[in-house]
Amino acid sequence: MSGMTVGVLAVQGAVAEHIETLESTFSEVGVSGVGRRIVNPPDLDGIDALIIPGGESTTISKLIIARGLYDSIRDLAGSIPVLGTCAGAVVMSSGIVDDRGKVPRLLELMDMTVIRNAFGPQGESFEADVEVDWALVPEGAGMEEGPYHAVFIRAPVITEVGVGCTPMASHDGMTVMALQGRLLVTSFHPELGDDTRVHRLLLDMV
Ligand code: GLN
């Protein structure tokens, strides 16, 4: 693999942190690659994978629509891997329990529903060691085992998954990571901390 370009949706949220983690991941796996900020539809041209970061899902969703990115992202998700983290996972879901219409338009990429802020408000943010079942996906087969030290900030949980959507990790009995084809979501923030395994899985799926 060489010359990989990974887009990071850069309308709101933890964009710089994902770009930094991508840079470390590229050097760890020995791939030449760049993280590209995605602001307008032409920025999506030629990317090999896309990340939708954490932040505020209502805002991210509004800006996806306002910048004319909605249809392009949906189309691209049929052909490249996409990682959604925290608010990004919310935006990629197909339904929100009890949201009363606050998130304007979900991308409906993953056959799953979520509960926003499932662990409580900002003050209830926490870190926890999570066991990820990497071997559930072929690309994760060679991944080192061991707990993933995960940062949860007003995190959602995944409540219902359809047939093609596989839960990969849970915390307190609730699903916090799932995969559907080459679409991957985490409730937590894999861009905060030193563990690059989630980003590696994304690159391995390219
Ligand atoms: N609770 C936020 C939302 O649903 C997500 C928080 C985050 O991304 N850290 O938009």
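See above for the structure.
From a predicted model like this one, the values you see are computed outputs, not experimental measurements.

About the thresholds
- Residues numbered from 1 in each chain as written.
- Predicted model: local features only at pLDDT ≥ 70, side-chain atom pairs only at ≥ 80, totals over all residues.
- Heavy atoms only, no water.
- Buried < 20%, exposed > 50% of the residue type's maximum accessible area, 1.4 Å probe, protein only.
- Helix = DSSP H or I, 4+ residues; strand = E, 2+ residues; numbered from the N terminus.
- Near = heavy atom within 4 Å.
- Polar contact = N/O pair within 3.5 Å; in protein donor to acceptor, adjacent residues only side chain to side chain.
- Areas by Shrake-Rupley, 256 points an atom, 1.4 Å probe, with all protein chains shown as cover.
- Nonpolar A, V, L, I, M, F, W, Y, C, P; charged D, E, K, R; others polar.
- Salt bridge = Lys/Arg side-chain N within 4 Å of Asp/Glu carboxyl O.
- Axes fitted to C-alpha atoms, helices over the stretch in contact; angles between N-to-C directions.
- Parallel < 35°, antiparallel > 145°, perpendicular 65-115°, else oblique.
- Left-handed = near helix turned anticlockwise from the far one by under 90°.
- Contact = heavy atoms within 4.5 Å.
- Pairing = 2+ DSSP bridges.

Novice: So, helix α5 (residues 197-205): which residues are in play, and what are the values?
Specialist: Given 3.6 residues per turn, any residue in an α-helix points the same way as the ones three and four places further on. The buried fraction of α5 is high, at eight of nine residues. Where α5 is concerned, the buried positions are Arg197, Val198, His199, Arg200, Leu201, Leu202, Leu203 and Met205.

Novice: Pulling in residues and values, what's your account of the site of the ligand?
Specialist: The environment of the ligand is made up of Gly54, Gly55, Glu56, Ser57, Cys86, Ala87, Arg116, Asn117, Ile153, Arg154 and His189. Interatomic distance of 2.8 Å between a backbone N/O atom of Arg154 and a nitrogen atom of the ligand. For the ligand, whose accessible area on its own is 290 Å², the fraction buried by protein is 97%. The residue inventory of the shell around the ligand, partitioned by class, reads three nonpolar, five polar and three charged.

Novice: Any details on the pattern of salt bridges? Residues and values, ideally.
Specialist: This model, assessed by the stated rule, comprises six salt bridges. Among the salt bridges present, the one from Arg116 reaches Asp99, with a minimum N-O distance of 3.0 Å. Of this pair, Arg116 sits in the loop between β6 (112-115) and β7 (126-130) while Asp99 sits in the loop between β5 (95-96) and β6, placing them 17 residues apart in sequence. By relative accessible area, which is 8% here, Asp99 ends up buried. Close ionic contact of Asp195 with Arg197 constitutes a salt bridge, the shortest N to O distance being 2.7 Å. The structure contains a network of salt bridges with shared partners spanning Glu56, Asp99, Arg116 and Arg154.

Novice: How would you explain the packing of helix α1 (residues 15-29) against α5 if you had to name every residue and give the values?
Specialist: Relative orientation of the contacting elements α1 and α5 amounts to 70°, with a least axis distance of 9 Å. By the angle between their directions, the pair α1 and α5 is classed as roughly perpendicular. Note on packing geometry: the crossing formed by α1 with α5 is right-handed. Across the interface between the two elements, His18, Thr21, Leu22, Thr25, Phe26, Glu28 and Val29 from α1 touch His199, Arg200 and Leu203 from α5. Split into classes, the residues belonging to the contact of α1 with α5 amount to four nonpolar, four polar and two charged.

Novice: Explain the pairing of strand β3 (residues 49-52) to me, and be specific about the residues and the numbers.
Specialist: In regular strands, side chains alternate between the two faces of the sheet. By the alternation rule, side chains of β3 split into Ala49 and Ile51 and Leu50 and Ile52, which are all buried. Note that strand β1 (residues 4-9) and β3 share three bridges and pair parallel. Residue pairing in the sheet places Gly7 in a bridge with Leu50 of β3. Examined bridge by bridge, β3 and strand β4 (residues 82-85) share three bridges and lie parallel to one another. Considered in β4, the bridge of Ile51 is made with Leu83.

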